[in-house]
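Structure at a glance
The chain contents come next:
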Amino acid sequence: METELTKSPSPHSGATLWRRLLNSLLPLTVFALKLLEWWFSSERAAAVRMMTSLPIPPPPEPVEPSPEGIRLPSNPQLCPICLQRRTDPTAVITSGYVFCYSCIFGYLRRQKQCPVTCIPTVEKQIIRLYSQQRYSS
């Protein structure tokens, strides 16, 4: 017959739970302390300062309009498609030219190319431009 002293400890006993807790929490605590040590180290701060002090690169060269494309208006505030003041300005990523959102979206659905440069373009290659002036009170 087995006595109390020779029985193996239950997996749910207090000592086993403490051992499991220490085995999992101790490495996690050490990792967290090392992460904090690295985060607040002067070496990291120096690296961040160096990266933020780099000069801003110049913009890419503009893409020239295609002879087969639509002509650009003399006023840069006008949409090249509707020749009206742009509403919801949207840039074509492939060329950098800006149009009204509704104008360029419809044009790209039909033609699948930038209207100015004739570079192949799809609807996913446009990006809405936001102006701080429009949203400030």
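1. Let's talk about the overall build of the protein
Looking only at helices and strands, one finds four helices and three strands in the protein. Along the protein, helices (α) and strands (β) appear in the sequence α-α-β-β-α-β-α when read from the amino end. The proportion of buried residues among the 137 residues of the protein is 18%. Here the analysis covers contacts within the protein between residues at least 6 apart in sequence; of these, 38% occur between residues at least 24 apart.

2. Quick notes on the nonpolar core
Within the largest apolar cluster, eleven residues are counted, these being Cys79, Val92, Tyr97, Phe99, Cys100, Cys103, Ile104, Leu108, Cys114, Val116 and Ile126. For this core, the secondary structure elements donating two or more residues are β2 (98–100) and α3 (101–111). No other element matches the three residues that α3 contributes to this core. Discounting chain neighbours no more than four positions away, the residues touching Val92 are Tyr97, Phe99, Ile104, Cys114, Thr121, Gln125 and Ile126.

3. With respect to the packing of aromatic side chains
One pass over the full model with this rule turns up one aromatic pair. Both rings, one in Tyr101 and one in Phe105, keep their centres 5.6 Å apart while their planes meet at 25 degrees; by these two values the pair is stacked. With a gap of four residues between them, Tyr101 and Phe105 both fall in helix α3, about one helical turn apart.

4. Quick word on the sheet that holds strand β1 (residues 89–92)
The three strands lie next to each other as β2-β1-β3, forming an open sheet whose pairing is antiparallel. The two strands at the open ends of the sheet, each matched to only one other strand, are β2 and β3 (126–128). Strand-to-strand, the axes of this sheet are offset by a mean angle of 35 degrees, without reference to chain direction. Against the sheet, α3 contacts β1, β2 and β3, and its axis sits at roughly 100 degrees relative to β2.

5. A few points about the state of the cysteines
Counted under the stated rule, the structure contains zero disulfides. Counting only cysteine sulfurs, Cys103 is the nearest neighbor of Cys82, a cysteine outside any disulfide, at a range of 3.8 Å. Its relative accessible area of 28% is what places Cys82 among the partly exposed residues. Free cysteine Cys118: the closest other cysteine sulfur is in Cys114, separated by 7.4 Å.

Quick notes on the rules
- Starting from 1, residues in each chain are numbered consecutively following that chain's sequence as written.
- Restriction of local features to residues with pLDDT of at least 70 applies here, the model being predicted, together with a cutoff of 80 or more for giving and counting side-chain atom pairs; totals for whole chains, interfaces and linings are based on all residues.
- With hydrogens and water stripped out, all remaining heavy atoms of the structure feed into the side-chain values.
- Each helix is a run of DSSP H or I of at least 4 residues and each strand a run of E of at least 2, with the numbering of both proceeding from the N terminus.
- Throughout this description, buried means an accessible area under 20% of the type-specific maximum (1.4 Å probe, protein chains only), exposed means over 50%, and partly exposed covers the range between.
- In this analysis, two residues are considered to be in contact whenever any of their non-hydrogen atoms come within 4.5 Å of each other.
- Residues belong to a common nonpolar core when they are buried Ala, Val, Leu, Ile, Met, Phe, Trp, Tyr or Cys residues joined through side-chain atoms within 4.5 Å.
- Side-chain rings of Phe, Tyr and Trp (the six-membered ring for Trp) are treated as a pair once their centres are within 6.5 Å; stacked means planes under 30 degrees apart, edge-to-face means over 60, and tilted covers the remaining angles.
- Here, any two strands with at least 2 DSSP bridges between them count as paired.
- Lines fitted to C-alpha atoms define the axes, with helix axes restricted to the stretch in contact, and inter-axis angles between N-to-C directions lie between 0 and 180 degrees.
- Cysteine sulfur atoms that come within 2.5 Å of each other are treated as a disulfide pair.

By themselves, these observations are geometric and do not establish any function.
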